[in-house]
There are 2 protein chains.
Amino acid sequence: MAVPTSRDVAKLAGVSQSTVSYVLTGKRPISEETRRRVEDAMTQLTFHPNAGARALAGQRTRVVGLMAPFGASTHQQGILPFVETIASGLREHDHDLLLVTADEGAEGMARVVGRRIVDALVVMEVGARDERLAVAAGLGVPVIVIGVPEEPGDLPCIDLDFAHGAALAVDELVDVGCTAVALLGYSAVTTQRDLNYVSRFIGGAERRAAELGVTLHPVSPVEVDRASIDAALDAVLGVAGGEGLGLLVPNTEALPVVLRALRARGLEPGADVSLVGVCTDAEAAASEPALTNVSLEPRDVSRRAVEALFRLLDPELGAPVPDGAVELVPPRVTRRDTTRPARRPAA
Amino acid sequence: MAVPTSRDVAKLAGVSQSTVSYVLTGKRPISEETRRRVEDAMTQLTFHPNAGARALAGQRTRVVGLMAPFGASTHQQGILPFVETIASGLREHDHDLLLVTADEGAEGMARVVGRRIVDALVVMEVGARDERLAVAAGLGVPVIVIGVPEEPGDLPCIDLDFAHGAALAVDELVDVGCTAVALLGYSAVTTQRDLNYVSRFIGGAERRAAELGVTLHPVSPVEVDRASIDAALDAVLGVAGGEGLGLLVPNTEALPVVLRALRARGLEPGADVSLVGVCTDAEAAASEPALTNVSLEPRDVSRRAVEALFRLLDPELGAPVPDGAVELVPPRVTRRDTTRPARRPAA
DNA sequence: GACCATCATCGATACGCATCGACCACCAGG
DNA sequence: CCTGGTGGTCGATGCGTATCGATGATGGTC
């Protein structure tokens, strides 16, 4: 026999096809005895339920589309952990992940939803105003957005709390005695893409600096090559001097270059200059010197995104996410070697 | 009306449902007039053919599974371009990409194929002996392997020609006057994973060095941190001296560290020491100094993998890939600043 | 002992499309 | 005028599952 169907299983188990189906879905009570016979038959035939038939009859595919920022000129670095975590999160709910690349744009989403290839969408790297959002919202399937658009329009959004992270970083710098903070901004390409986490981070830093009464020198944008970073440091050190200066580096990729540039001019991070970077804890610990960092763990965001998605998909799992809710994942600052308490603050 | 079906389209166009289907698939001739009416109706209703129904009736899903080395501790860096290129290659053939993460292992493949979620598989990062291969080969669907296993067993394999790349790199070093070549190996973790491109590369270098009568000093394994690389350089320079030494660095991630380490000890790459690295052309050109490199462009491999896949999927597209064929994509060596012709070779 | 729940199972049907055989109209050749 | 095509369309059927209503069996109640 070619590939076994649920009817074959039924015959072998001596039950009807519908009983096999109920064993599979658990939507009606099945006696222990019958269940065992059916399951044995399935094992014996190596039966796999046909996904197409299931989708057709059951109106759900158990596949989720991921709109990933591939193809475009993305800082590709960071997205892999997102994808990976989302994929395994979906698997825990017996769902699969279909990749939709960004070059397909909004019509890619319309296609996979229209054809009922997917039951739901996760849209990554959403910028401040993103044409995909309006389309996604009108598709009639659950959508989770990773990023914080200006106008969420009914779509639940999840992202890291960059503003809060920036504030915590400023706190840390002030804690170790800094009286001025310089912010080495994101590269122009990132800013152009209008991903507003940039402005959220900068805004958070500014607000906190103002509250604490320390000066904030934003330097932006900064490319990742050595020359740009040297130029940025020149500017910063010219204005603020070395004394009491804290550096805030939200651009993960720039971190190693900044460290090198500082040392090249005789400033030891942690001793002569304090520095807080934005990166994962793993990267921070592996760095030399170990970085004090604002941890932005993509896995946290992905996990929550998956949870939110299934609350939408199976409302029994708990209160569905309210429309348009923005969930910000709190960051964490970990002190390592690049910030050290210097002068004892007035106790 | 909820979502339109082909029957709705048929009614609106005044034809039968089967005619709509033939317009869609092109498997029977349709008059110009009828085709236009049907297409208009589809547009008007924003009709999308239901993928589940298509799969059920047509025995094909137009989805390809990608077994990606996610989840494991991979040198995650390199795989994104593969995934991206494969995804868009599939889209050009109106197919989609379903991600299967490596943690699911062989049973993940069995699942997506057994349930007929996918029509075919691409298996990435296949090592010398990979348990997934035997399973994949028995699944009864087209499979393309990226990597070169010891025992391809009927499966078409595609990979970069690391051996040839190594030989070309040795050639280049000898061309610019090197009389000894040191090979800074891969890190232990890469070697442990038994990805045999490591040994293919080393083997290729050894063979060519022997042919040319130059000494080859393999130093392995080399981690990517500065200390390990310094130790490796100590060993190499101790044995071979600076004079006439060429460095061969197959580990992309180690390249910047090696460059820095060399300069730290007063050796200018390209002048005092020659160096050929393995990386993409883009990375090589962006490096400072610009690297002479063996280009291993993942996109080439992905493209060929997709082509081979569709030759298997639609035999009309050309001769199907012969079973067990191993296709090696030739690399290219580009001379940049880290190799410069030194003493004029005897003309 | 007749009656009604409850539980477990069965039969039939629908899901939306691809495909096969049949059919019709039309035209060329004899 | 009849025959043999051929290009174009239609009806009917099947793909494998989920689901609904119905049925039989079982046990408890008055």
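Predicted model, so just to flag it, every value in this text is computed and none were measured.

Student: Quick question: what am I supposed to make of the overall build of chain A here?
Tutor: For chain A, the helix and strand inventory stands at 14 helices and 12 strands. When burial is assessed residue by residue, chain A has 54% of its 347 residues classed as buried. In chain A, once contacts between residues fewer than 6 apart in sequence are set aside, the share between residues at least 24 apart is 70%. Of the roughly 15,000 Å² of accessible surface on chain A, 51% is carried by carbon and sulfur atoms.

Student: Would you mind going over the protein's contact with DNA strand D with me for this structure?
Tutor: Among the 31 residues in the neighbourhood of DNA strand D, the closest are listed as Ser6(A), Tyr22(A), Arg28(A), Thr19(B) and Thr34(B). The sugar and phosphate moieties of DNA strand D supply 52% of its atoms located within 4 Å of the protein. Take Ser16(B): an N or O atom from its main chain is 2.8 Å from a phosphate oxygen of DNA strand D. A distance of 3.3 Å separates a base oxygen of DNA strand D from a polar atom in the side chain of Ser18(B). Mapped by element, the contributors of at least two residues to the surface near DNA strand D are α1 (6-13), α2 (17-25) and α4 (51-58) of chain A together with α2 (17-25) and α4 (51-58) of chain B. For the surface near DNA strand D, the element with the highest residue contribution is α2(A), accounting for 5 residues. Looking at side-chain class alone, the surface near DNA strand D contains 11 nonpolar, 15 polar and 5 charged residues.

Student: Just checking my understanding: could you explain the sheet that holds strand β8 (residues 245-249) of chain B for this structure?
Tutor: Two orientations exist for strands paired in a sheet by backbone hydrogen bonds: parallel and antiparallel. All names here are of chain B. Read across the open sheet, the 6 strands follow the order β7-β6-β8-β9-β10-β12; overall the sheet is mixed. Looking at the sheet topology across the chains shown, the edges are occupied by β7 (215-219) and β12 (332-334). Along the sheet, successive strands turn relative to each other by an average axial angle of 20°, direction set aside. The pairing of β8 with strand β9 (residues 274-279) spans 4 bridges and is classified as parallel. Pairing of leucine 248 across the sheet is with valine 276, part of β9.

Student: How should the packing of helix α8 (residues 162-175) of chain A against helix α10 (residues 197-212) of chain A be read in this particular structure?
Tutor: When two helices pack together, their arrangement is captured by the angle between the axes and the distance separating the axes. Residues and elements named next belong to chain A. Interhelical geometry of α8 versus α10 gives an angle of 40° and a closest axis separation of 7 Å. The orientation of α8 relative to α10 falls into the category oblique. For the element pair α8 and α10, the recorded crossing hand is right-handed. On α10, the residues touching Phe162, Ala163, Gly165, Ala166, Ala167, Val170, Asp171 and Val174 of α8 are Tyr197, Arg200, Phe201, Gly204, Ala205, Arg208, Ala209 and Leu212. Residue classes in the contact of α8 with α10 are distributed as 11 nonpolar, 2 polar and 3 charged.

Student: Help me understand the relation of the copies chain A and chain B in this model?
Tutor: For these two chain copies, the linking operation is a rotation about an axis paired with a shift along it. Once chain A is rotated about the relating axis by 180° and shifted along it by 0.0 Å, it coincides with chain B to within an RMSD of 0.1 Å. Taken together, the rotation and translation describe the operation of a two-fold axis. By residue overlap, the copies meet face to face through one surface: 100% of the interface positions of chain A are interface positions in chain B.

Student: Is there a simple way to think about the interface of chain A and chain B in this case?
Tutor: Interface size is often expressed as the accessible area that is lost when the parts come together. Taken together, the contact between chain A and chain B spans 36 residues of the former and 36 residues of the latter. Summed over both partners, the interface of chain A with chain B buries about 3,300 Å², with 59% contributed by carbon and sulfur atoms. Looking only at chain A, the three residues that lose the most surface to chain B are Leu80(A), Leu99(A) and Arg115(A), adding up to 18% of its buried area. Connecting chain A to chain B are 6 salt bridges. The salt bridge partner of Asp96(A) is Arg111(B), with a shortest N-O separation of 2.7 Å. Between the two partners, chain A and chain B, sit 8 residue pairs in polar contact (both at pLDDT 80 or more). Broken down by secondary-structure element, the contributors of at least two residues to the side of chain A that touches chain B are α4, α5 (79-92), β2 (96-101) and α6 (105-114) of chain A. Note that β2(A) and strand β2 (residues 96-101) of chain B share 3 bridges and pair antiparallel. Along β2(B), the bridge assignment pairs Leu97(A) with Leu99(B).

Student: Could you clarify how one ought to interpret the pattern of salt bridges in this entry?
Tutor: Two side chains with opposite charge may pair up if their charged atoms get near one another. This model, assessed by the stated rule, comprises 46 salt bridges over all chains. Two residues, Arg37(A) and Glu33(A), come together in a salt bridge whose shortest N-O distance is 3.0 Å. You can see Arg37(A) and its partner Glu33(A) sitting in helix α3 (residues 32-45), 4 residues apart, about one turn around the helix. A residue is classified by how much of its surface remains accessible, and Arg37(A), at 31% relative accessible area, is partly exposed. A residue is classified by how much of its surface remains accessible, and Glu33(A), at 42% relative accessible area, is partly exposed. In this structure, the salt-bridge partner of Arg200(A) is Asp159(A), at a minimum N-O distance of 2.6 Å. Here Arg200(A) is found in helix α10, whereas its partner Asp159(A) is found in strand β5 (residues 157-160), with 41 residues between them in sequence. You'll find Arg200(A) and Asp159(A) in the same group, each marked buried. Because the salt bridges share partners, they merge into one network encompassing Arg62(A), Arg91(A), Asp94(A), Asp96(A), Glu104(B), Arg111(B) and Arg115(B).

Procedures and definitions
- Residues numbered from 1 in each chain as written.
- Chains lettered and ligands numbered in written order.
- Predicted model: local features only at pLDDT ≥ 70, side-chain atom pairs only at ≥ 80, totals over all residues.
- Heavy atoms only, no water.
- Helix = DSSP H or I, 4+ residues; strand = E, 2+ residues; numbered from the N terminus.
- Buried < 20%, exposed > 50% of the residue type's maximum accessible area, 1.4 Å probe, protein only.
- Contact = heavy atoms within 4.5 Å.
- Areas by Shrake-Rupley, 256 points an atom, 1.4 Å probe, with all protein chains shown as cover.
- Near = heavy atom within 4 Å.
- Polar contact = N/O pair within 3.5 Å; in protein donor to acceptor, adjacent residues only side chain to side chain.
- Nonpolar A, V, L, I, M, F, W, Y, C, P; charged D, E, K, R; others polar.
- Pairing = 2+ DSSP bridges.
- Axes fitted to C-alpha atoms, helices over the stretch in contact; angles between N-to-C directions.
- Parallel < 35°, antiparallel > 145°, perpendicular 65-115°, else oblique.
- Left-handed = near helix turned anticlockwise from the far one by under 90°.
- Least-squares fit on C-alpha atoms with pLDDT ≥ 70 in both.
- Buried area = accessible area lost by both parts, 1.4 Å probe.
- Salt bridge = Lys/Arg side-chain N within 4 Å of Asp/Glu carboxyl O.

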